[in-house]
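For reference, the chains in residue letters:
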Amino acid sequence: MAEARGWRRTHYCGELRPSDEGSAVVLMGWVHRRRDHGGLIFIDLRDRSGLVQIVFHPDNPGAYRAADEARSEYVLGVAGTVRMRPEGRVNPNIPTGEVEVIPREVKILNASRTPPFYIPNGSDADETVRLKYRYLDLRRPEMQRNIVLRHRIVKAVRDFFDSHGFYEIETPMLIRSTPEGARDYLVPSRVNPGRFYALPQSPQLFKQLLMVAGFDRYMQIARCFRDEDLRADRQPEFTQIDVEMSFVEPDDVISLAEEMLSTVFKQTIGAELSAPFPRLTYDEAMLRYGSDKPDIRFGMEISDLTDIVRGSGFRVFSSAAASGARVRGFAVPGGGRLGRRELDELSAKAVDLGAGGLVWLAIERGGARSPVAKHLSVEEVSAISACTGAGEGDLVLIVAAPEKTGAAVTGALRLDVGHRLGLAAPGFHFCWVTDFPLFEFSEEENRLVAVHHPFTAPADADVPTVLDHSARTEDLLRVRAKAYDLVLNGTEIGGGSMRNHDRRVQQGVLRALQIGPEEAAERFGFLLDALEYGAPPHGGIAFGLDRLLTYMTGSSSMRDVIAFPKTSSAGCLLTGAPAPVARAQLEELKIRTSVEDRDAG
């Protein structure tokens, strides 16, 4: 192995252009590909900027021997001269495709074992292998582009907020556990045996305290942690763009968010967003799309058909209408071409989601084809077609169920069919969902819980209900929140709200959540006290950076935009975390685990 002493890199591999012809250069990088043409040896040398072709000729035996010895992922230093590629050998697929380097001297700086997967096509490898050897996976050009784009997006976000008068302020990573939602990751304190810190699920309380402190405009690229059951789009540790502002209303936060995203998308990926984004109330979203995360890339809006079929001869519909359930349906453009197998799959999905079944109508000239067509009058079919906007060749899917179930089922079927038929329009389609309920009832906990978090402010008109000690559950379920979520292509990527800056209102919200005065003082006393010292009206928003990047890069997995992600079971295949720790460490922390007790038994 050679040392790089005395050598200084002059250029990155991917920077070389025809203007560098004749220049003496020193390059350092990895062997991306090696091709032996029985006389000439060609090596594509790669670094983080890209790659360039190095041409080795037997006339230079020292350099040629190094090239003959080098293999995939060897680390090379190359001193040579840039020249134009011969006519007919230009590679238009890479930025350096018009030039190549003729080496004067080559140093093998380090050898490499044969990688567990071929790095130029590493995406074909099993993901568990890629995660175990993440440092190799990160060498792949597409992964490098993702991580570099992440850097540029974060920089653009910081620059935007700085230009709008925001300060980036770090909030603590070791905080008090205030469980209300997802589970906390707990950190034991050695100097306070039996006591624990928590890792923050968000900087929520501290950014509110910064508003009380008068900083007025805060932002942070914040690391957050949630110990929850994972899904494909979740990580136990994640990053969010966290924002808080004083003396604002929801429109101020929403407008600023749209301006920030429009600026960042244009600067980093050249995408023009169409702002202002559409806004839907929560009730509208549930009625029209069956979801509070509506995917507006395709139409197929859901219609309420209850009044049309209230007196129908088809008893499934008429009985549902009479019992207070809803009959809802939507048209699938061109869906009449779906086969019986696919319709059976959709019916089975509807049943799995809680509906009694699924009714389908294939609209044809002069009527409809359906197993239930004989039970529906011509007038009913015509009215259903008109209400849903269905025409000849389209399919209408209908579900009769209680309102909440019917919304969930039709919403899920709409997404299934939309993706099944490839109806989603390309590009970035944002929308806001506003006016959420402040509370929802948890059957599991047998009490009201916050839809967003317990520091969200109620709508002005609903404040008296929150302050009413005798308010009934059904009254509290009608309270609206000053909350707003931002949805991109059917995925929530941001959420925020106005906060409670009046202690009385905050205590009313906690009381509705069955958090009594003593428990509230124990868990949130520091915030409640702060609200009595001139807390300004304030609100904010947080964006999931990892999720946003997944869309901006066109990645299929959030793990492809995080340098060192966890698996779906919250493990790190690279380091083996989480892992047991030495007994001495546990003893020092005064911790004894049930696993130890079980093993001892």
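## Section: the overall build of the protein
Each helix and strand in the protein was counted, giving 18 helices and 22 strands. Per-residue burial for the protein yields a buried fraction of 47% across its 601 residues. Residue pairs at least 24 apart in sequence account for 68% of intrachain contacts in the protein once pairs closer than 6 positions are excluded. Summing over all exposed atoms, the protein offers an accessible surface of approximately 29600 Å²; the carbon and sulfur share of this is 49%. Counting 73 positive and 83 negative side-chain charges, the protein places the centres of these two groups 5 Å from one another.

## A short note on the side chain of S497
Counting through the fold element by element, S497 comes out in strand 21 (residues 491-498). The exposure class assigned to S497 is buried, which follows from its relative accessible area of 1%. Polar side-chain contacts of S497 include one of 3.5 Å to the side chain of T456. Side chain to side chain, S497 and R499 meet in a polar contact 2.8 Å long. Among residues more than four places away in sequence, those in contact with S497 are H453, T456, K482, A483, Y484, G539 and G540.

## Some thoughts on the nonpolar core
Of all hydrophobic cores here, the largest spans 42 residues; its most connected members are V157, F161, L261 and F430. For this core, the leading source of residues is helix 6 (residues 250-269), giving eight residues. Residues in contact with F161, not counting those within four places in the same chain, are F166, M219, I241, V243, L256 and M260. L438, L448, A481 and V487 belong to the second largest nonpolar core, which has 30 residues in total.

## Examining the sheet that holds strand 17 (residues 430-434)
Taken in spatial order, the eight strands make up an open sheet running 6-9-10-22-21-20-17-11, and their pairing is mixed. Because the sheet does not close on itself, it has two edges, and the strands there are strand 6 (167-168) and strand 11 (279-281). Here two bridges tie strand 6 to strand 9 (residues 217-225), and the two strands are oriented parallel to one another. Among the inter-strand pairings, Y167 is bridged to a residue of strand 9, identified as Y218. Against the sheet, helix 4 (residues 141-163) touches strand 6, strand 9 and strand 10 (237-246), its axis set at about 150° to strand 9.

## Re the packing of aromatic side chains
Between two aromatic rings, the relevant description is the distance of the centres plus the angle of the planes. Taken as a whole and assessed by the stated rule, the structure comprises 10 aromatic pairs. Aromatic pair F161 and F166: ring centres 4.9 Å apart, planes at 70°, arrangement edge-to-face. Relative accessible area serves as the criterion here: at 4%, F166 is assigned to the buried category. When the centroid spacing of 5.0 Å and the interplanar angle of 80° are considered together, the rings of F265 and F428 count as edge-to-face. In this pair, F265 sits in helix 6 while F428 sits in the loop between helix 11 (403-420) and strand 17, placing the two residues 163 residues apart along the sequence. Three or more aromatic residues joined by ring pairs form one cluster here, namely F265, F277, F428 and F430.

## Points about the sheet that holds strand 14 (residues 359-364)
Pairing within the open sheet is antiparallel, and its five strands lie in the order 12-13-16-14-15. Where the open sheet ends on each side, the last strands, each with one partner, are strand 12 (303-304) and strand 15 (367-369). As paired strands, strand 12 and strand 13 (residues 326-332) are joined by two bridges and run antiparallel to one another. The residue bridging S303 from the neighbouring strand is G329, located in strand 13. Against the sheet, helix 11 makes contact with strand 13 and strand 16 (395-401), and its axis sits at roughly 10° relative to strand 13, the strand it touches most.

## Notes on helix 8 (residues 315-322)
Of all the residues in helix 8, the buried ones are F317, S318, A320 and A321. Down the axis of helix 8, the buried side of the element spans an arc of 160°, and every buried residue falls inside it. Away from its buried face, by an angle of more than 90 degrees, helix 8 presents the exposed residues R315 and A322. Along its buried surface, helix 8 packs onto strand 13, strand 14 and strand 16.

## A word on the pairing of strand 18 (residues 439-442)
Of the pairings in the sheet, the one linking strand 18 to strand 19 (residues 447-450) comprises four bridges and is antiparallel in character. Counted as the bridge partner of E440 is V449 from strand 19. Adjacent in sequence and paired antiparallel, strand 18 and strand 19 are bridged by four residues, among which N446 carries a positive phi angle near 55°.

## Quick look at a nonpolar patch on the surface
There is a patch of nonpolar side chains on the surface, built from M173, L174 and Y197 and spanning about 260 Å² of accessible area. Within the element layout of this structure, Y197 appears in strand 8 (residues 196-198).

## Considering a negative patch on the surface
Judged by side-chain charge, D283, E284, E403 and D435 come together as a negatively charged surface patch. Inspection of the secondary structure puts D435 in the loop between strand 17 and strand 18.

## Quick word on the pattern of salt bridges
All told, the structure shown has 46 salt bridges when counted by the stated rule. A salt bridge links K566 to E237, with the nearest nitrogen and oxygen atoms 2.5 Å apart. Of this pair, K566 sits in the loop between helix 16 (545-553) and helix 17 (583-588) while E237 is found in strand 10, placing the two residues 329 residues apart along the sequence. Under the relative-accessibility criterion, K566 is labelled buried at 15%. A relative accessible area of 24% places E237 in the partly exposed class. The partner of K293 in a salt bridge is D292, and the shortest N-O contact between them spans 3.2 Å. With a relative accessible area of 34%, K293 lands in the partly exposed category. Here the salt bridges share partners, and the residues they tie into one network are R130, R134, D137, R140, E142 and D560.

Rules of the game
Residues numbered from 1 in each chain as written. Predicted model: local features only at pLDDT ≥ 70, side-chain atom pairs only at ≥ 80, totals over all residues. Heavy atoms only, no water. Helix = DSSP H or I, 4+ residues; strand = E, 2+ residues; numbered from the N terminus. Buried < 20%, exposed > 50% of the residue type's maximum accessible area, 1.4 Å probe, protein only. Contact = heavy atoms within 4.5 Å. Areas by Shrake-Rupley, 256 points an atom, 1.4 Å probe, with all protein chains shown as cover. Lys, Arg positive; Asp, Glu negative; His and termini not counted. Charge placed at Lys NZ, Arg CZ, Asp CG, Glu CD. Polar contact = N/O pair within 3.5 Å; in protein donor to acceptor, adjacent residues only side chain to side chain. Core = buried A, V, L, I, M, F, W, Y, C linked by side-chain atoms within 4.5 Å. Pairing = 2+ DSSP bridges. Axes fitted to C-alpha atoms, helices over the stretch in contact; angles between N-to-C directions. Phe/Tyr/Trp six-rings, centres within 6.5 Å; stacked < 30°, edge-to-face > 60°. Arc of directions from axis to C-beta. Patch = residues over 30% accessible without salt bridge, like charges linked within 9 Å, V, L, I, M, F, W, Y side chains within 5 Å. Salt bridge = Lys/Arg side-chain N within 4 Å of Asp/Glu carboxyl O.

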